[in-house]
Number of protein chains: 2
Amino acid sequence: MALISPSRRLRRTPFSEGVEAAGAKAYTVYNRMLLPTVFRSVEEDYRHLKNAVQVWDVSVERQVELRGPDAGKLMQMLTPRDLRGMLPGQCASVPLVDETGGMLNDPVMVKLSEDRFWISIADSDLLLWVKGVAQGFRLDVLVDEPDVSPLAVQGPRAEDLVARVFGDSIRDVRFFRFGHFDFMGRDLVVARSGYSKQGGFEIYVDGWDLGMPLWNALMEAGRDLDVHAGCPNLIERIESGLLSYGNDMDRENTPHECGLGRFCNTQTAIGCVGRDALLRVAKDGPTRQIRAIAIEGEAVPLCDRPWPIMAGQSQVGQVTSAAWSPDFETNVAIGMVRMTHWDPFTEVDVLLPGGEVRPATVYAVFWN
Amino acid sequence: MALISPSRRLRRTPFSEGVEAAGAKAYTVYNRMLLPTVFRSVEEDYRHLKNAVQVWDVSVERQVELRGPDAGKLMQMLTPRDLRGMLPGQCASVPLVDETGGMLNDPVMVKLSEDRFWISIADSDLLLWVKGVAQGFRLDVLVDEPDVSPLAVQGPRAEDLVARVFGDSIRDVRFFRFGHFDFMGRDLVVARSGYSKQGGFEIYVDGWDLGMPLWNALMEAGRDLDVHAGCPNLIERIESGLLSYGNDMDRENTPHECGLGRFCNTQTAIGCVGRDALLRVAKDGPTRQIRAIAIEGEAVPLCDRPWPIMAGQSQVGQVTSAAWSPDFETNVAIGMVRMTHWDPFTEVDVLLPGGEVRPATVYAVFWN
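A brief report on the enclosed structure follows. (Residues numbered from 1 in each chain as written. Chains lettered and ligands numbered in written order. Predicted model: local features only at pLDDT ≥ 70, side-chain atom pairs only at ≥ 80, totals over all residues. Heavy atoms only, no water.)

Thoughts on helix H3 (residues 71-78) of chain A
Residue and element names in this part refer to chain A. The condition is simple: Only protein chains enter the calculation, and the probe is 1.4 Å; a residue is then buried if its accessible area is under 20% of its type maximum, exposed if over 50%, and partly exposed in between. Working definition: helices are DSSP H or I runs of at least four residues, strands are E runs of at least two. Numbering for both runs from the N terminus. Throughout, a contact is declared for two residues whenever any of their heavy atoms are within 4.5 Å.
The buried fraction of H3 amounts to six of the eight residues, a majority that puts the element mostly inside the structure. Every buried residue of H3 is accounted for by Ala71, Leu74, Met75, Gln76, Met77 and Leu78. Contacts from the buried residues of H3 go to strand E5 (63-67), strand E7 (96-97), strand E9 (108-113), strand E10 (116-120), helix H4 (126-136) and strand E11 (142-144).

Here's what the structure looks like:
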């Protein structure tokens with residue numbers, strides 16, 4: 001692993017002080033901001049996430065706020081998901097597409113009220129697309145990045161921990177719903193959501209100054225729950241089939257290729273700028289799709305470039321995320337596979353950098 | 001310095017193999033791509049850049065291509081610089097602004113022909129803004145990121161080196177002009193430009209497969225010129241007053257605040273979406289502006305967050321880039337300073353992290 005040169009451009013977060021004190025060993029850069037990737041070791045962090053509770057600085061999930069009379073109209077222009085049934089208090093996975101149906105981001109939409117939304121984004125400057133569209137269509141809407149930094153609490157003991165800080169009523173918040181909770185006299189949005197399958201919450205920390213007080217309050221309250229600083233875990237997210245925008249898909253891919261067809265209501269999502277382009281895809285289906293892939297043999301290296309998936313001499317896809325899974329005792333991976341080879345239990349080869357060929361098997365479902 | 005976790009999302013470049021073999025010691029992430037920051041040491045790289053010639057992997061300067069009948073119209077919508085006089089074969093610094101006049105990027109525009117432009121971008125997903133605007137205004141234009149990765153040749157011996165590879169006619173290319181030159185039977189755009197004040201060229205490598213052959217050809221041809229792999233140098237760029245988008249300015253700032261007023265023809269840049277917002281700024285002038293700042297005392301640490309500039313108890317600005325300059329034997333810095341304190345030789349204080357207060361002086365011109 002190489003060193004990262006610090007600069008203001010790689011933004012710190014309201015929780016950086018806590019992350020550093022907890023001994024973050026490595027980072028990635030996500031939305032031009034620092035995201036820790038390892039505390040003790042990826043394997044130790046993984047085991048602990050599955051058994052206890054972690055506090056994650058996911059400030060990099062920047063918010064794009066839409067506010068004003070045309071906010072709802074604009075939100076629908078961005079996604080092929082039909083948003084008519086969404087109520088304030090709901091979160092929703094919304095694939096966002098350009099005019100060609102290519103994925104621009106795969107965020108969680110937070111509907112605060114009929115005329116106010118947060119889009120909690122993956123790694124792309126979505127703000128610029130939304131501002132450009134709003135400007136071009138002359139919509140009456142404010143589009144901005146507010147001073148909101150999500151802090152995630154993840155793991156089987158997450159509910160107990162947040163209840164100690166925000167009160168027992170937080171236990172009533174259902175999956176992908178949110179409520180408003182008090183912290184130090186300030187009103188915070190807290191959703192039952194997060195980038196793991198271990199259960200937990202995301203706190204939308206509305207104000208930089210609240211960052212370290214909340215971090216410290218959670219660490220203090222969770223001492224006997226074995227709370228630790230953590231971060232999205234490479235192994236757990238692959239086992240769970242949680243895609244990473246920029247790794248597993250990008251503008252080249254449609255939502256259907258990403259297995260997000262269930263979030264597309266292309267027929268009825270009237271107004272979506274990518275709707276025309278997606279209508280045929282929605283009808284015919286994609287010709288390649290995201291799949292779980294088990295790669296045989298010993299632990300693979302970190303996947304820093306696409307690894308070709310081969311059937312004999314033909315490339316039939318690529319692996320874009322991979323890690324050794326201690327629990328499943330195989331290399332778990334995410335890849336895009338052509339329809340000729342995407343059926344469950346299809347045997348393929350994966351070409352590692354350096355030329356090593358590894359037998360691999362395509363699966364229909366992920367591990368968790 | 002912390003470690004960086006590799007992933008596909010942090011894209012490699014056509015030259016990564018050469019960069020790694022040359023022993024890059026640290027990187028930053030820029031436009032979701034790896035940019036080396038140090039080879040031997042920042043000081044050794046600096047000395048060598050000023051005395052010899054370096055080859056820089058600046059693939060991170062991604063291109064946004066505009067092509068089609070409305071390409072020129074769209075280009076003018078993006079910038080307050082009046083582009084009517086620009087001819088094919090010219091490069092131009094063009095501040096790009098949103099509808100509020102806030103800087104979205106400070107790229108070099110390459111006018112390939114009347115209906116085809118490359119925008120060679122700084123660190124923001126400008127593609128998304130341009131696509132959004134083009135979509136909203138229903139312009140007849142293709143907007144895309146082509147497979148073009150700039151390779152810079154910088155330093156006093158740069159002209160001699162590129163002449164050996166591309167022929168002596170490259171010596172006739174004037175500053176901020178470009179020509180078409182042959183390499184391995186392929187036509188490449190080569191401009192006299194680059195992110196240093198030591199002179200040099202940028203080769204727009206049009207096709208990933210040409211990357212390493214060109215890298216190797218330059219290294220081979222420049223052996224007796226003491227050619228080395230290099231990268232934009234923190235010390236040299238600050239001495240030279242070369243701003244870094246995301247470090248020294250962002251969407252909060254107008255071009256006039258960034259000292260780019262000379263590139264704004266706000267009265268005549270008809271069509272620029274930020275024109276209305278900038279008319280008053282153009283008339284009244286900004287109330288804060290980029291300045292060169294010399295910070296006294298021993299070498300300052302790396303500037304990873306804004307450092308307040310104080311006049312007594314009042315904050316009058318912030319430093320956003322700083323480094324010790326061996327040649328000028330002071331800490332050179334770039335900061336944004338309020339008009340009350342921006343006159344040359346104004347004495348201020350700079351607050352370093354940890355609370356140390358350093359005397360500093362504001363200058364009107366940079367060092368190189």
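That covers the picture; the talk isn't over yet.
A word on the sheet that holds strand E17 (residues 288-295) of chain A
All names here are of chain A. What counts here: The criterion for strand pairing is that DSSP finds at least two bridges linking the strands in question. Only the contacting stretch of a helix is used when fitting its axis, a line to C-alpha atoms as for every element, and angles between N-to-C directions run 0 to 180 degrees.
In space, the six strands of this closed barrel follow the order E17-E20-E19-E18-E21-E22, with antiparallel pairing throughout. For this sheet, the mean angle separating the axes of adjacent strands, direction not counted, is 40°. Taken together, the eight bridges between strand E19 (residues 314-325) and strand E20 (residues 330-338) define a ladder with antiparallel strand orientation. When the bridges of E20 are listed, serine 325 appears paired with threonine 330.

Thoughts on unusual backbone geometry
In this structure, phenylalanine 176 of chain A is a non-glycine residue whose phi angle is positive, near 60°. As for its position among the elements, phenylalanine 176 of chain A is in the loop between helix H5 (158-166) and strand E13 (178-183). Judged by relative accessible area, which is 18%, phenylalanine 176 of chain A ranks as buried. Its identity is not glycine, yet methionine 184 of chain B carries a phi of approximately 50°, on the positive side. Structurally, methionine 184 of chain B can be placed in the loop between strand E13 (178-183) and strand E14 (186-191). According to the relative accessible area criterion, methionine 184 of chain B is exposed, its value standing at 56%.

Considerations on the relation of the copies chain A and chain B
To be explicit about the condition: To line up the copies, we fit them by least squares on C-alpha atoms, keeping just the residues with pLDDT of at least 70 in both.
Mapping chain A onto chain B calls for a rotation angle of 180° and an axial translation of 0.0 Å; the resulting RMSD is 0.0 Å. Within this description, the copies of the chain are treated as partners about a two-fold rotation axis. Here 100% of the contact residues of chain A are again contact residues in chain B; the copies associate through an equivalent surface.

Points about the packing of aromatic side chains
Describing an aromatic ring pair means giving the distance of the ring centres and the angle of the ring planes. Inclusion rule: What counts as a ring pair is set by centres within 6.5 Å for rings of Phe, Tyr and Trp (its six-membered ring), and what kind of pair is set by the plane angle: stacked under 30 degrees, edge-to-face over 60, tilted for all other angles.
Considering all chains together, one arrives at 16 aromatic pairs over all chains under this definition. Residues phenylalanine 345 of chain B and tyrosine 363 of chain B carry aromatic rings whose centres are separated by 5.7 Å and whose planes lie at 90° to one another, so their mutual orientation is edge-to-face. One end of the pair, phenylalanine 345 of chain B, is in the loop between strand E20 (330-338) and strand E21 (347-351); the other, tyrosine 363 of chain B, is in strand E22 (residues 357-363), with 18 residues separating them in the sequence. An aromatic cluster is present here, built from Phe345, Tyr363, Phe366 and Trp367 of chain A joined pairwise through their rings.

Concerning the environment of glutamate 65 of chain B
Residues and elements named next belong to chain B. For clarity, the cut-off: Polar contacts, as used here, are pairs of N or O atoms within 3.5 Å; protein pairs need one atom able to donate a hydrogen and one able to accept it. Residues neighboring in sequence count only if both atoms are side-chain atoms.
Among the structural elements, glutamate 65 can be located in strand E5 (residues 63-67). Along the sequence, glutamate 65 and valine 141 sit 76 residues apart, while their C-alpha atoms lie 9.7 Å from each other. With sequence-adjacent residues up to four places away left out, glutamate 65 is seen in contact with Arg116, Phe117, Trp118, Leu142, Val143, Asp144 and Pro146. Within polar-contact distance, the side chain of glutamate 65 engages the side chain of arginine 67 at 2.9 Å. Polar contacts involving the side chain of glutamate 65 include one to the side chain of arginine 116, which spans 2.8 Å.

Here we look at the nonpolar core
The following threshold applies: Nine residue types can take part in a nonpolar core, namely buried Ala, Val, Leu, Ile, Met, Phe, Trp, Tyr and Cys, and a core is a set of them joined through side-chain atoms within 4.5 Å.
Formed by 76 residues in total, the largest nonpolar core has its most connected members in Phe166 and Leu214 of chain A together with Phe166 and Leu214 of chain B. When sequence neighbours within four positions are dropped, the list of residues in contact with phenylalanine 166 of chain A reads Phe181, Asp182, Phe183, Leu188, Val190, Ile203 and Leu214 of chain A. By size, the runner-up hydrophobic cluster in this structure holds 56 residues, among which are Leu127 of chain A together with Leu104, Phe117 and Val143 of chain B.

Observations concerning the environment of leucine 104 of chain B
Mapped onto the elements, leucine 104 of chain B comes out in strand E8 (residues 103-105). Along the backbone, leucine 104 of chain B and asparagine 253 of chain B are 149 residues apart, and their C-alpha atoms lie at a distance of 9.1 Å. Filtering out sequence-adjacent residues up to four positions away, leucine 104 of chain B remains in contact with Leu128 of chain A together with Leu96, Val97, Asp98, Ser124, Leu126, Trp129, Tyr245 and Arg251 of chain B.

Quick word on the sheet that holds E5 of chain A
All names here are of chain A. Read from one edge of the open sheet, five strands run E6-E9-E10-E5-E11, paired in antiparallel fashion. The open sheet has two free edges, formed respectively by strand E6 (91-93) and E11, since each of these has just one partner strand. Averaged over neighbouring strand pairs, the angle between their axes works out to 20° when direction is ignored. As judged from the five bridges shared by E9 and E10, these two strands associate in the antiparallel manner. Each bridged residue has a counterpart across the sheet, and for methionine 109 the counterpart in E10 is isoleucine 119. H3 contacts E5, E9, E10 and E11 of the sheet and is inclined by roughly 30° relative to E10. Contacts between H4 and the sheet are confined to E5, E10 and E11, with E11 contributing the most and set at about 160° to the helix.

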